[in-house]
Amino acid sequence: MSAITIYHNPNCSKSRATLDLIKEKRIEPIIVEYLVDPPTPETIKELINKLGLTAREIMREKEKPYSDNNLSDPAISEDDLLKIMSLNPILIERPIVVKGARAVLGRPPENIMELL
């Protein structure tokens, strides 16, 4: 059985609820506090590939770095977005739960049930 990893923000109610769902299934996940230990651009790319999404689709548009960096500009490349997200991990939607070759965004937390 593959390990479960959660990219977690303990200050986020959805992230906490998702972690609780995992633990209710008696699974001890690997917890990555991505604001403390930001993922590299390569790791973010791997995550979005597992999610089947793009960098833009997992960006938090209401965060200050989004407007500060004019990230709504469609001319910004995917690679540049990945770099900016790594430098400003608050921009990454949360939580992301990974199991093997698949990942799910825990919004709502019940989305992760298909991985458990």
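Before reading further, recall that the structure is shown in the block above.
Residues numbered from 1 in each chain as written. Predicted model: local features only at pLDDT ≥ 70, side-chain atom pairs only at ≥ 80, totals over all residues. Heavy atoms only, no water.

**Q** Tell me about the overall build of the protein, and please be specific about residues and values.
**A** Regarding its fold elements, the protein presents 4 helices and 4 strands. Listing each helix as α and each strand as β along the protein from the N terminus yields β-α-β-α-α-α-β-β. Taken against the 2.2 N^0.38 rule, which gives 13 Å for 116 residues, the C-alpha radius of gyration of the protein at 14 Å falls within 12% of a compact globule. Dimensions of the protein along its principal axes, counting C-alpha atoms only, are 45 × 25 × 25 Å. Burial statistics for the protein: of 116 residues in total, 43% are counted as buried. With an accessible surface of roughly 6,500 Å², the protein has 48% of that area assigned to carbon and sulfur atoms. Across the protein, the mean location of the 16 positive side-chain charges is 5 Å away from that of the 18 negative side-chain charges. (Helix = DSSP H or I, 4+ residues; strand = E, 2+ residues; numbered from the N terminus. Rg over C-alpha atoms; globule rule 2.2 N^0.38 Å. Buried < 20%, exposed > 50% of the residue type's maximum accessible area, 1.4 Å probe, protein only. Areas by Shrake-Rupley, 256 points an atom, 1.4 Å probe, with all protein chains shown as cover. Lys, Arg positive; Asp, Glu negative; His and termini not counted. Charge placed at Lys NZ, Arg CZ, Asp CG, Glu CD.)

**Q** Can you explain the environment of glycine 100? Please cite residues and give values.
**A** Looking at where glycine 100 falls in the secondary structure, it is placed in the loop between strand S3 (96-99) and strand S4 (102-105). Owing to a relative accessible area of 34%, glycine 100 belongs among the partly exposed residues under this scheme. Separated by 50 residues in the primary sequence, glycine 100 and lysine 50 have C-alpha atoms spaced 9.0 Å apart.

**Q** Lay out the nonpolar core with the relevant residues and their values.
**A** Generally speaking, nonpolar side chains in soluble globular proteins are found buried as a group. In this structure, Ile58, Leu71, Met85 and Ile96 are the most contacted members of the largest nonpolar core, which totals 23 residues. If you list the elements that add at least two residues to this core, you get helix H2 (41-51), helix H4 (78-87), S3 and S4. In this view, isoleucine 96 contacts Thr5, Ile6, Tyr7, Leu47, Leu51, Ile58, Ala103, Val104 and Leu105; residues no more than four positions away in its chain are not counted. (Core = buried A, V, L, I, M, F, W, Y, C linked by side-chain atoms within 4.5 Å. Contact = heavy atoms within 4.5 Å.)

**Q** Any details on the pattern of salt bridges? Residues and values, ideally.
**A** The full count for this structure, using the stated rule, is 7 salt bridges. When the shortest N-O distance is used, the salt bridge between aspartate 80 and lysine 83 registers 3.9 Å. With aspartate 80 and lysine 83 both in helix H4 and 3 residues apart, this pair spans about one turn of that helix. Ionic contacts of the salt-bridge type, sharing partners, join the residues Arg60, Glu63, Glu93 and Arg107 into one network. (Salt bridge = Lys/Arg side-chain N within 4 Å of Asp/Glu carboxyl O.)

**Q** Explain the pairing of strand S2 (residues 30-33) to me, using residue names and the numbers behind them.
**A** Here 4 bridges tie strand S1 (residues 4-8) to S2, and the two strands are oriented parallel to one another. Along S2, the bridge assignment pairs histidine 8 with glutamate 33. Handedness of the β-α-β unit built from S1, helix H1 (residues 13-24) and S2 comes out right-handed. (Pairing = 2+ DSSP bridges. Right-handed = clockwise from strand over helix to strand, strands pointing away.)

**Q** Which residues make up the sheet that holds S4, and what values go with them?
**A** The sheet built from 4 strands is open, its strands ordered S2-S1-S3-S4 with mixed pairing. Edge positions in the open sheet fall to S2 and S4, since each of these has one partner strand only. Adjacent strand axes in the sheet meet at a mean angle of 20° when their direction is disregarded. Sheet analysis places S3 next to S4, joined by 4 bridges and oriented antiparallel. Residue pairing across strands places isoleucine 96 opposite leucine 105, the latter belonging to S4. Against the sheet, H1 makes contact with S1, S2 and S3, and its axis sits at roughly 165° relative to S1, the strand it touches most. Each of S1, S3 and S4 is contacted by H2, which is oriented at about 85° to S4, the strand it contacts most. (Axes fitted to C-alpha atoms, helices over the stretch in contact; angles between N-to-C directions.)

**Q** Let's hear about the side chain of glutamate 93: which residues, and what values?
**A** Structurally, glutamate 93 is set in the loop between H4 and S3. Residue classification places glutamate 93 among the buried positions, given a relative accessible area of 15%. Look past the residues within four positions of glutamate 93 in its chain and what remains in contact with it is Ile58, Arg60, Leu105 and Arg107.

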